[in-house]
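# Understanding the architecture of this molecule
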There are 2 protein chains.
Amino acid sequence: MPGQISEDNETVSVAIVGGGIVGLVLAVGLLRQNIKVKVYEQAKGFREIGAGIAFTANAVKCMEQIDPEIVTALRSSGAVPTSKGDETDPNDYLRWLDGYSKMQKKDEPYYQRMLYRLDAGYKGFEGCRRDQFLESLVKIIPPNVIECRKRLETVEEMCEGKVRLIFADGSVEEADTVIGCDGIKSRVRSLLLGENHPASQPGYTHKVAYRTLIPMEDAIKALGEYKANNQHYHVGPNAHLIHYPVANRKFVNAAAFISDPEEWEDEKTVAVGEKADLIAAFAGWSPCVHNVIDLFPEKLDKWAIFDLWQYPAPYYSKGRICLAGDAAHASSPHHGAGACMGIEDSLCLTTLFKEVNRTIQEDPAAKGHALMTAFETFDAVRRTRSQWLVNSSRRACDFYHQPEWAEKDKWVKAQTCFEELKDRSHKIWYFDYEGMVDDTVQGYRENVLLSDGSGSEV
Amino acid sequence: MPGQISEDNETVSVAIVGGGIVGLVLAVGLLRQNIKVKVYEQAKGFREIGAGIAFTANAVKCMEQIDPEIVTALRSSGAVPTSKGDETDPNDYLRWLDGYSKMQKKDEPYYQRMLYRLDAGYKGFEGCRRDQFLESLVKIIPPNVIECRKRLETVEEMCEGKVRLIFADGSVEEADTVIGCDGIKSRVRSLLLGENHPASQPGYTHKVAYRTLIPMEDAIKALGEYKANNQHYHVGPNAHLIHYPVANRKFVNAAAFISDPEEWEDEKTVAVGEKADLIAAFAGWSPCVHNVIDLFPEKLDKWAIFDLWQYPAPYYSKGRICLAGDAAHASSPHHGAGACMGIEDSLCLTTLFKEVNRTIQEDPAAKGHALMTAFETFDAVRRTRSQWLVNSSRRACDFYHQPEWAEKDKWVKAQTCFEELKDRSHKIWYFDYEGMVDDTVQGYRENVLLSDGSGSEV
């Protein structure tokens, strides 16, 4: 558990809005740097729907840098590799199959043409249930740090160098800074940019998703032993299906994504879906895909996928207010790396608050300047990469859904996408987080020296 | 000059179809490996139009690996850095400017908003006139290697392990193998794939180009001293303008690229262009762009840009016939790296023929098997990367021509492309050609052992 907070004048206080994974991981990191942290979560508690979430090996290393206890929390919440994790399999993890072709082989009942495979390394991804990880994180955060049922209404920067948070229940809180970790529909983002700014509203990606959990024995009957136990993408025109084992291989998590040329009119992003829509989207596909689709329930949720692609945030901070995670750069899920970007953000911010502490130990009057410099550095270090992910995730799904997969003549063209997918995956998986930490420290130190406390340039 | 060729039975003979840069560079490389080489060029000679061509520093290093005399030939043909080549400028070479905005600054008459800059390194690109480089290459090739006025009609694989080339003039030549370096409209490609194969015809990229050479003093008046002396892209909706100094800074080479939603109906890819088309495409753009467009002549050529994007070649070799350079993977010019891919191809093939020589020194009967293995290895090593470039070059131009550049609200989105452009440029500039050589040797040796001379697997 992070150390006790000293209440002297040199302490920095941070209000984190949103108690999702990024908010809690950041809270742990800041507490470890002796920052006074409060997390305000609008929900009643942390028992959410049991959706799965996966982290790259690189993101797990970032967690380790922030605080090794976060990794312990992840593992104690039942995280397992999302694939067989076989050290002897040189191409463990990601395989893309031709989902469309009906080609079959007599001696291989589950035959599908493999288009590409990519080795994410041993334990390249670890997956867990989102609610269980949140619960484990709550356990390593001291009592009184997290307050639930706190829906943010507005934020005011005070002239005495504080930020005031006003909540829907009428309560008022103060802190030196506010970090919005409040997800894709971030209230902090719309306060930062203005409610009429286009980036205050996420945009529809024109993809919908249907998910289900399939008992392993049924998955094996549908896909064969090997495919059921390893992550696979089945790609084809205007849709794809992805599945990987979860819950100690008791279940296979399956998700079908379908292109939707229409606008999404509903206020809510989850609607009632029909299995018939799924069957129609995958009509004429490979028998293995049909076998999996058959295992989806008759009535199921239809998730509209939104992101911040079309109108990205032009900046992630202003004064003493900052955005991190999905609040800053909500992405579609096609690289399985949305949360990983938020973990990288948290490592960057934890690094910065360590620097802020150093600055104000030397000069307590520089607190405001140090905090604003920290947030400006965060924007400079993080915005390019995290907005790249939003773009890249869209591009990945476009590749999976290429209409050319159905046209024999254009097939070679469609296949040339994999070199790019490899590069994009590697950019995510092999991120030089130590280099990011160095750049963060260097950028902060240069900027904090460049101008004096009053903000005028030297 | 490469060594004299010995005429013993262990010598391999290669017919190179096409005496462009890739064909001649490959000829020099193969001659250095004591291969018996003939180059068949359909033109009368090597005095082509004086278009400029540039090579990345990486491609120059590949030339050095093939034969240092190629680099000498390049430099002796007047190649100079395409930018100022200022070692003290940390961001030498590539700058992207907002070409669309009319925003001006009183004290900076040539002000344009800079969108991005990328350091290609000192001498990151070297440019020369295509005809002059070809002339220099011809000088380092022994007499009787190159035959002009040889238009290939067809190629026949003979049962005695030879390939027969039949030319339009009725002459017949024989060699152990044929390598088609005959460019985007490659005859060898259509013979390899079949004339009705979609990849036998290049496709229209829906971009046209207009080029001119501007005397440096006029370019300085139009753009200011700094921009005239350094490579810049001016990007905006549906068009872009690029310019860089050439000919020892006596001229600035300027090229305007315009999106064209129509099909290209003309049989020829060069048509008569009108300056009025240019003026219309850049109407309302920045004053600096107008200044440059004004300097284009009234009558000028309109170049339709074709490539092999939509229908890439499914394989680069079949039996004893192989494709290299544009014949294999003709790209649009937006990364300035089309010829560089052909130089990488030549390094790969030179490496392979060194290996072939080794194999047949041990076992002269293995010649046919060794050659086919070499070509299969070439396909495996080169196809992915070179087809990636074709895709990437299209993507780069799409970024430059984003309609969003004209929409204030979508500007931030448009700008997020630069992280991807950086990655794509780095993938070209920092290619691990030594790794490619290692992979080539290893791939060949594994495959040549896998099967015996008769081709049956062990």
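Here the structure is a predicted model, which means the values were calculated and not measured.

## A word on the overall build of chain A
Check the secondary structure of chain A and you find 15 helices and 20 strands. Its C-alpha atoms give chain A a radius of gyration of 23 Å, near enough to 23 Å, the size a compact globule of 458 residues would have. A buried classification covers 58% of the 458 residues belonging to chain A. The contacts of chain A with a sequence gap of at least 6 include a subset with a gap of at least 24, amounting to 74%. Total accessible area on chain A is roughly 19200 Å²; 48% of this is exposed by carbon and sulfur atoms. Across chain A, the centroid of the 53 positively charged side chains sits 5 Å from that of the 67 negatively charged ones.

## Thoughts on the state of the cysteines
What the rule picks out here adds up to 0 disulfides over all chains. Residue A:Cys62 stays outside any disulfide, its sulfur separated by 8.5 Å from that of A:Cys340, the closest cysteine. Take B:Cys417: it sits in no disulfide, and the sulfur closest to it among the cysteines is that of B:Cys397, at 12 Å. B:Cys417 sits in the buried class, given a relative accessible area of 4%.

## Section: the UniProt feature "transmembrane region" (unreviewed entry) in chain A
Residues annotated by UniProt as "transmembrane region" (unreviewed entry) correspond here to residues 12-31 of chain A. Strand forms 25% of residues 12-31 of chain A and helix 55%; the C-alpha atoms that close the span are 10 Å apart.

## Topic: the pattern of salt bridges
Counted by the stated rule, this structure contains 56 salt bridges over all chains. One salt bridge in this structure joins A:Lys275 and A:Glu298, with 3.7 Å as the shortest N-O distance. Of the two residues, A:Lys275 is situated in helix H8 (residues 275-281) and A:Glu298 in the loop between helix H9 (287-294) and strand E18 (299-307); the sequence distance between them amounts to 23 residues. Residue classification places A:Lys275 among the buried residues on the basis of a relative accessible area of 6%. A:Glu420 is the partner of A:Arg424 in a salt bridge, and the nearest nitrogen-oxygen pair spans 2.9 Å. Linking A:Arg424 with A:Glu420, this pair stays in helix H14 (residues 417-429), spanning 4 residues, or about one helical turn. For A:Arg424, a relative accessible area of 3% corresponds to the buried category. Judged by relative accessible area, A:Glu420 falls into the buried class, the value being 4%. One salt-bridge network, held together by shared partners, links A:Arg395, A:Glu420, A:Arg424, B:Arg395, B:Glu420 and B:Arg424.

## Let's talk about the relation of the copies chain B and chain A
Overlaying chain B with chain A gives an RMSD of 0.0 Å, the required rotation being 180° about an axis along which the chain moves by 0.0 Å. Accordingly, the operation relating the two chain copies is best matched by a two-fold axis. Among all residues of chain B, the one whose C-alpha sits closest to the rotation axis is B:Asp423, at a distance of 4.5 Å. With an isologous cut-off of 70% or more, the 100% of interface residues of chain B that recur at the interface of chain A puts this contact in the isologous class.

## Section: the sheet that holds strand E7 (residues 125-129) of chain A
Residues and elements named next belong to chain A. Taken in spatial order, the 3 strands make up an open sheet running E3-E7-E4, and their pairing is antiparallel. Two strands in the sheet have a free side with no partner beyond their single neighbour: strand E3 (52-56) and strand E4 (80-81). Summarising the sheet, E3 and E7 pair through 5 bridges and their orientation is antiparallel. Each bridged residue has a counterpart across the sheet, and for Thr56 the counterpart in E7 is Phe125.

## Looking at the environment of B:Tyr244
All names here are of chain B. Position of Tyr244 among the secondary structure elements: in strand E15 (residues 239-246). Separated by 151 residues in sequence, Tyr244 and Tyr93 have C-alpha atoms that sit 9.2 Å apart. In contact with Tyr244, not counting residues within four places along its chain, are Thr82, Gln231, Phe251, Val252 and Asn253.

## Things to note about the interface of chain B and chain A
On the side of chain A, 22 residues touch chain B, which itself brings 22 residues to the contact. For the pair chain B and chain A, the number of links is 6 salt bridges. Where chain B touches chain A, the interface holds 8 residue pairs in polar contact (both at pLDDT 80 or more). When contributions to the side of chain B that touches chain A are tallied by element, the ones reaching two or more residues are helix H12 (367-400), helix H13 (411-415) and helix H14 (417-429) of chain B.

## Details of the packing of helix H11 (residues 338-362) of chain B against H12(B)
Residues and elements named next belong to chain B. Interhelical geometry of H11 versus H12 gives an angle of 160° and a closest axis separation of 9 Å. Taken together, the axis directions place H11 and H12 in an arrangement best described as roughly antiparallel. Of the two elements, H11 crosses H12, and the hand of that crossing is right-handed. Mapping the contact onto sequence places Gly338, Met341, Glu344, Asp345, Cys348, Leu349, Leu352, Phe353, Val356, Thr359 and Ile360 in H11 and Lys367, Ala370, Leu371, Ala374, Phe375, Thr377, Phe378, Val381, Arg382, Arg385, Ser386 and Leu389 in H12. Split by residue class, the contact of H11 with H12 holds 14 nonpolar, 4 polar and 5 charged.

## Brief notes about unusual backbone geometry
Not every positive phi belongs to a glycine, and A:Asn34 is a case in point at roughly 60°. Counting through the fold element by element, A:Asn34 comes out in the loop between helix H1 (21-32) and strand E2 (36-40).

## Brief notes about H12(B)
Helix length check: H12(B), at 34 residues, gives a terminal C-alpha distance of 49 Å against a target of 50 Å (1.5 Å per residue), a fit within 8%. Of all 34 residues in H12(B), 27 are buried; the element is thus mostly enclosed.

## Describing the pairing of strand E9 (residues 152-157) of chain B
Residue and element names in this part refer to chain B. By the bridge criterion, 5 bridges tie E9 to strand E10 (residues 163-167) in an arrangement that is antiparallel. Bridging from a neighbouring strand, Glu157 pairs with Val163 of E10. The antiparallel pairing of E9 with E10 creates a hairpin that spans 5 residues between the two strands, and Gly161 there sits at a positive phi of about 80°.

## A word on the nonpolar core
Formed by 114 residues in total, the largest nonpolar core has its most connected members in B:Phe55, B:Trp96, B:Phe133, B:Ile179, B:Leu349 and B:Phe353. Apart from residues lying up to four places away in sequence, B:Ile179 is in contact with B:Val14, B:Ala15, B:Ile16, B:Val17, B:Leu26, B:Leu30, B:Cys322, B:Ala324, B:Leu349, B:Phe353 and B:Phe375.

## Some points on the packing of aromatic side chains
Applying the stated criterion to the full structure yields 36 aromatic pairs over all chains. Ring centres of A:Trp429 and A:Tyr430 lie 6.3 Å apart, and the angle between their planes is 85°; on these two criteria the pair is classed as edge-to-face. With a relative accessible area of 8%, A:Trp429 lands in the buried category. Their ring planes at 15° and their centres at 4.9 Å tell us that B:Tyr116 and B:Phe418 sit as a pair that is stacked. Of this pair, B:Tyr116 sits in strand E6 (residues 114-119) while B:Phe418 is found in helix H14, placing the two residues 302 residues apart along the sequence. The residues B:Tyr116 and B:Phe418 share a single accessibility class, namely buried. Taken together, the ring pairs in this structure connect A:Trp96, A:Tyr116, A:Tyr233, A:Tyr400, A:Trp405, A:Trp411 and A:Phe418 into an aromatic cluster.

Conventions and cut-offs
Residues numbered from 1 in each chain as written. Chains lettered and ligands numbered in written order. Predicted model: local features only at pLDDT ≥ 70, side-chain atom pairs only at ≥ 80, totals over all residues. Heavy atoms only, no water. Helix = DSSP H or I, 4+ residues; strand = E, 2+ residues; numbered from the N terminus. Rg over C-alpha atoms; globule rule 2.2 N^0.38 Å. Buried < 20%, exposed > 50% of the residue type's maximum accessible area, 1.4 Å probe, protein only. Contact = heavy atoms within 4.5 Å. Areas by Shrake-Rupley, 256 points an atom, 1.4 Å probe, with all protein chains shown as cover. Lys, Arg positive; Asp, Glu negative; His and termini not counted. Charge placed at Lys NZ, Arg CZ, Asp CG, Glu CD. Disulfide = S-S within 2.5 Å. UniProt positions renumbered as here; feature names shortened; annotations may be inferred. Salt bridge = Lys/Arg side-chain N within 4 Å of Asp/Glu carboxyl O. Least-squares fit on C-alpha atoms with pLDDT ≥ 70 in both. Pairing = 2+ DSSP bridges. Polar contact = N/O pair within 3.5 Å; in protein donor to acceptor, adjacent residues only side chain to side chain. Axes fitted to C-alpha atoms, helices over the stretch in contact; angles between N-to-C directions. Parallel < 35°, antiparallel > 145°, perpendicular 65-115°, else oblique. Left-handed = near helix turned anticlockwise from the far one by under 90°. Nonpolar A, V, L, I, M, F, W, Y, C, P; charged D, E, K, R; others polar. Expected span 1.5 Å × (residues − 1). Core = buried A, V, L, I, M, F, W, Y, C linked by side-chain atoms within 4.5 Å. Phe/Tyr/Trp six-rings, centres within 6.5 Å; stacked < 30°, edge-to-face > 60°.

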